[in-house]
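The residues making up each chain are set out below.
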Amino acid sequence: MPEVVILTGAGISAESGLETFRSEDGLWAQHRIEDVCTPEALSRNPALVHEFYNKRRAALAGVAPNAAHLALAEFAAEIPGDLLVITQNVDDLHERAGQTGLLHIHGELLSLKCSRCDHRQRFPGDSTPDIPCPDCGTGRLRPDIVFFGEMPCFMEQIQSALSDCSLFIAIGTSGNVYPAAGFAELARHYGAESWLVNLDPPENHRDFQRFFQGRAGEQVPEMLRALRQKLGTA
Ligand code: APR
């Protein structure tokens, strides 16, 4: 089971130029969650939902992984099998940085899934509401995103990793959305230490014993230096 579990949020991708959700001019200041990120929104106005995710795919095509993504991917290679990265982000920047041991808890921008069966496919192009499912033929393909009110992915695997790890680290997340916002408290309940890398103190900052405050591009390499010392791999 992984010794170290890392949770990343929009703050790590902000370093690459992608918008976060809850900053003053963030995605949830520009769009209503009820219009673009709920199952009801998809059935009420699918074109608006697809348009929102097509715009985010277009933004993603124009950016690259940053120093924080690259440092994490490099570190994973130093402790193979002992690092699990859980990302709330739906971009593919961790993958493009070469990250291994990665789980997308809120889905992925570059894939679509069927609204009725369990068909999924990679689809880096634009999506529209009327693409029939090639498997069941009755469903329509929708963004492979966990909407508010839907079940996050990989929860069993995540809970088991949190109960076993010795260190939990959160990077670039405001601690607003559960279950991810409760992972630090859960890991500490099982005896793990908890570290935080963030631009400013998030909602759940009291759940962390060590805080590397600042931009992820600077603080993730700093934090990894401390982690290598702690693991004796420096
Ligand atoms: N470096 C480090 N941290 C940063 C940076 C940066 N360059 N820029 C912003 N941050 C921090 C902010 O201070 C904030 O605490 O990243 C956090 C981003 O918070 P949110 O915008 O709320 O994003 P996130 O926590 O990932 O949202 C969680 O909410 O809407 C849902 O599904 C969506 O996965 C998302 C979830």
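Residues numbered from 1 in each chain as written. Predicted model: local features only at pLDDT ≥ 70, side-chain atom pairs only at ≥ 80, totals over all residues. Heavy atoms only, no water.

- As named in an unreviewed UniProt entry, the protein is NAD-dependent protein deacylase, taken from Falsigemmobacter faecalis.
- UniProt, in its Function (unreviewed entry) section for the protein, records the words "NAD-dependent lysine deacetylase and desuccinylase that specifically removes acetyl and succinyl groups on target proteins. Modulates the activities of several proteins which are inactive in their acylated form." (UniProt positions renumbered as here; feature names shortened; annotations may be inferred.)

**Brief notes about the layout of surface pockets**
Think of a ball as big as a water molecule: rolled over the atoms, this probe shows where empty space is left.
Next, step 1: Put simply, the largest pocket is a space of about 950 Å³.
Next, step 2: Forming the boundary of the largest pocket are 46 residues, of which Ala 10, Thr 20, Phe 21, Arg 22 and Ser 174 lie nearest the centre.
Next, step 3: Mapped onto the lining of the largest pocket, the elements with two or more residues apiece are α1 (10–14), α5 (46–61) and β8 (193–198).
Next, step 4: Ranked by residue count, the leading element in the lining of the largest pocket is α1, at 3 residues.
Next, step 5: By residue class, the composition of the lining of the largest pocket is 21 nonpolar, 16 polar and 9 charged.
Next, step 6: Here the lining of the largest pocket spans two domains, and each of domain 1 (4–17 + 65–106 + 151–231) and domain 2 (19–62 + 114–145) adds at least three residues to it.
Next, step 7: Put simply, the second largest pocket is a space of about 280 Å³.
Next, step 8: Looking at the second largest pocket, it is lined by 18 residues, and the ones nearest its centre are Leu 18, Glu 19, Leu 27, Arg 56 and Ala 59.
Next, step 9: When residues of the lining of the second largest pocket are traced back to their parent elements, those giving at least two are α1, α2 (27–30) and α5.
Next, step 10: With 4 residues, the top contributor of residues to the lining of the second largest pocket is α5.
Next, step 11: Split into classes, the residues belonging to the lining of the second largest pocket amount to 8 nonpolar, 6 polar and 4 charged. (1 Å grid on protein atoms, 1.4 Å probe; cavity = no way out; pocket = protein on both sides within 12 Å on 5 of 7 lines; lining within 4 Å. Points joined across faces, edges and corners; volume = space filled by probe spheres on them. Helix = DSSP H or I, 4+ residues; strand = E, 2+ residues; numbered from the N terminus. Nonpolar A, V, L, I, M, F, W, Y, C, P; charged D, E, K, R; others polar. Domains from an automatic or database assignment.)

**Here's the deal with empty space enclosed by the protein**
Next, step 1: This model, assessed by the stated rule, comprises 1 cavity of 30 Å³ or more.
Next, step 2: Contributing to the lining of the largest cavity are 13 residues, with Leu 7, Thr 173, Ala 180, Ala 181 and Asn 204 lying nearest its centre.
Next, step 3: Contributions of two or more residues to the lining of the largest cavity are made by β7 (167–171) and α9 (183–189).

**A look at the pattern of salt bridges**
Next, step 1: The final tally for this structure, using the stated rule, is 12 salt bridges.
Next, step 2: Between Arg 44 and Asp 35 there is a salt bridge, and its shortest N-O distance comes to 3.8 Å.
Next, step 3: Take Asp 35: its relative accessible area is 24%, and that puts it in the partly exposed class.
Next, step 4: Across the pair Arg 120 and Asp 144 runs a salt bridge, and its minimum N-O distance is 3.0 Å. One end of the pair, Arg 120, is in strand β5 (residues 120–122); the other, Asp 144, is in strand β6 (residues 141–145), and 24 residues separate them in sequence. (Salt bridge = Lys/Arg side-chain N within 4 Å of Asp/Glu carboxyl O. Buried < 20%, exposed > 50% of the residue type's maximum accessible area, 1.4 Å probe, protein only.)

**Quick notes on helix α8 (residues 155–164)**
Next, step 1: Listed in full, the buried residues belonging to α8 are Met 155, Ile 158, Ala 161 and Leu 162. End-on, the buried residues of α8 take up no more than an arc of 125°, which puts them together on one face.
Next, step 2: Next to the buried residues of α8 lie β1 (4–8), β2 (83–87), β3 (102–104), β7 and α9. (Arc of directions from axis to C-beta. Contact = heavy atoms within 4.5 Å.)

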